[in-house]
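Reading the structure
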Amino acid sequence: MIKAILIFNNHGKPRLSKFYEHYNEDTEQQIIRETFHLVSKRDENVCNFLEGGMLIGGSENRLIYRHYATLYFVFCVDSSESELGILDLIQVFVETLDKCFENVCELDLIFHVDKVHNILAEMVMGGMVLETNMNEIIIQVDAQNKMEKSETFIFQSPRQDR
């Protein structure tokens, strides 16, 4: 099961945090700091799997991450998840973001956080992987975007019955 999904930049600023277990806000912030410290001090040429920090469950959980440009994508998972499967999921997530935002960058995650959460919700819900097919994810996100645009049009149109 996926315990948390974290995205932060090279300076440790969180750009997305999604926890699938309840923690109070202070603990979540400590987990983010500890995770950044564990992941950022590793060399680029080492394995992308490591034991979770003490706050996220220690050796019972693992951190699986990828570093793209200025962003770290980190999934905290328990022992039932496949490391290679999660690495593939991270790849699908990044490629989906790239297609939805046309060459995604850190600013897209900041200014379109709702859309990023919607994409993530199409892939993972309640800590369980729902969808790994990028085309299916994009179809659902596009359908949601069309629905939002039509609702915006309806609410912005002047009433005709007056």
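Going by an unreviewed UniProt entry, the protein carries the name AP complex subunit sigma and comes from Salmo salar.

Considerations on the side chain of Asp 78
Within the fold, Asp 78 resides in strand 5 (residues 71-78). No salt bridge forms around the buried Asp 78; measuring N to O, its nearest opposite-charge neighbour Lys 3 is 4.1 Å away. If we ignore the near neighbours within four places in the chain, the residues touching Asp 78 are Met 1, Lys 3, Glu 60, Asn 61 and Arg 62.

Things to note about the packing of aromatic side chains
Given two aromatic rings, their pairing is described by the distance between the two centres and the angle made by the two planes. All chains considered together, the criterion is met by six aromatic pairs. Relative to Tyr 23, the ring of Phe 19 lies with its centre 5.7 Å away and its plane at 75 degrees, an arrangement referred to as edge-to-face. No difference in accessibility class separates Phe 19 from Tyr 23, as the two residues are buried. Seen from their ring centres, Phe 73 and Phe 93 are 6.0 Å apart, and the 85 degrees between their planes marks the pair as edge-to-face. Of the two residues, Phe 73 is situated in strand 5 and Phe 93 in helix 2 (residues 83-101); the sequence distance between them amounts to 20 residues. Phe 93 carries the same exposure label as Phe 73, and that label is buried.

Here we look at the pattern of salt bridges
Think of it this way: side chains of opposite charge can pair up when their charged atoms draw near. As enumerated under the stated definition, the model contains three salt bridges in all. In this structure, Glu 21 engages Lys 3 in a salt bridge whose closest nitrogen and oxygen atoms are separated by 2.7 Å. One end of the pair, Glu 21, is in the loop between strand 2 (14-19) and helix 1 (25-40); the other, Lys 3, is in strand 1 (residues 2-9), with 18 residues separating them in the sequence. Look at Glu 21 and you get partly exposed, because its relative accessible area is 29%. The salt bridge involving Arg 15 is made with Glu 106; its shortest N-O contact spans 2.7 Å. Of this pair, Arg 15 sits in strand 2 while Glu 106 sits in helix 3 (residues 106-111), placing them 91 residues apart in sequence.

Description of the environment of Asp 98
Along the chain, Asp 98 falls in helix 2. The class for Asp 98 is partly exposed, based on a relative accessible area of 33%. It is 9.9 Å that separates the C-alpha atoms of Asp 98 and Asp 108, two residues lying 10 residues apart in sequence. For Asp 98, the contacting residues outside a window of four places in its chain are Asn 103 and Val 104.

Here we look at empty space enclosed by the protein
Gaps left between atoms show up when a probe the size of a water molecule is rolled over them. Evaluated as defined, the whole model comprises one cavity of 30 Å³ or more. Of the voids in this model, the largest cavity is the one considered here, and its volume is about 30 Å³. Lining the largest cavity, in full, are Lys 115, Asn 118, Ile 119, Val 141, Gln 144 and Asn 145. Its residues assigned to classes, the lining of the largest cavity comprises two nonpolar, three polar and one charged.

Cut-offs and rules
Residues numbered from 1 in each chain as written. Predicted model: local features only at pLDDT ≥ 70, side-chain atom pairs only at ≥ 80, totals over all residues. Heavy atoms only, no water. Helix = DSSP H or I, 4+ residues; strand = E, 2+ residues; numbered from the N terminus. Buried < 20%, exposed > 50% of the residue type's maximum accessible area, 1.4 Å probe, protein only. Lys, Arg positive; Asp, Glu negative; His and termini not counted. Salt bridge = Lys/Arg side-chain N within 4 Å of Asp/Glu carboxyl O. Contact = heavy atoms within 4.5 Å. Phe/Tyr/Trp six-rings, centres within 6.5 Å; stacked < 30°, edge-to-face > 60°. 1 Å grid on protein atoms, 1.4 Å probe; cavity = no way out; pocket = protein on both sides within 12 Å on 5 of 7 lines; lining within 4 Å. Points joined across faces, edges and corners; volume = space filled by probe spheres on them. Nonpolar A, V, L, I, M, F, W, Y, C, P; charged D, E, K, R; others polar.

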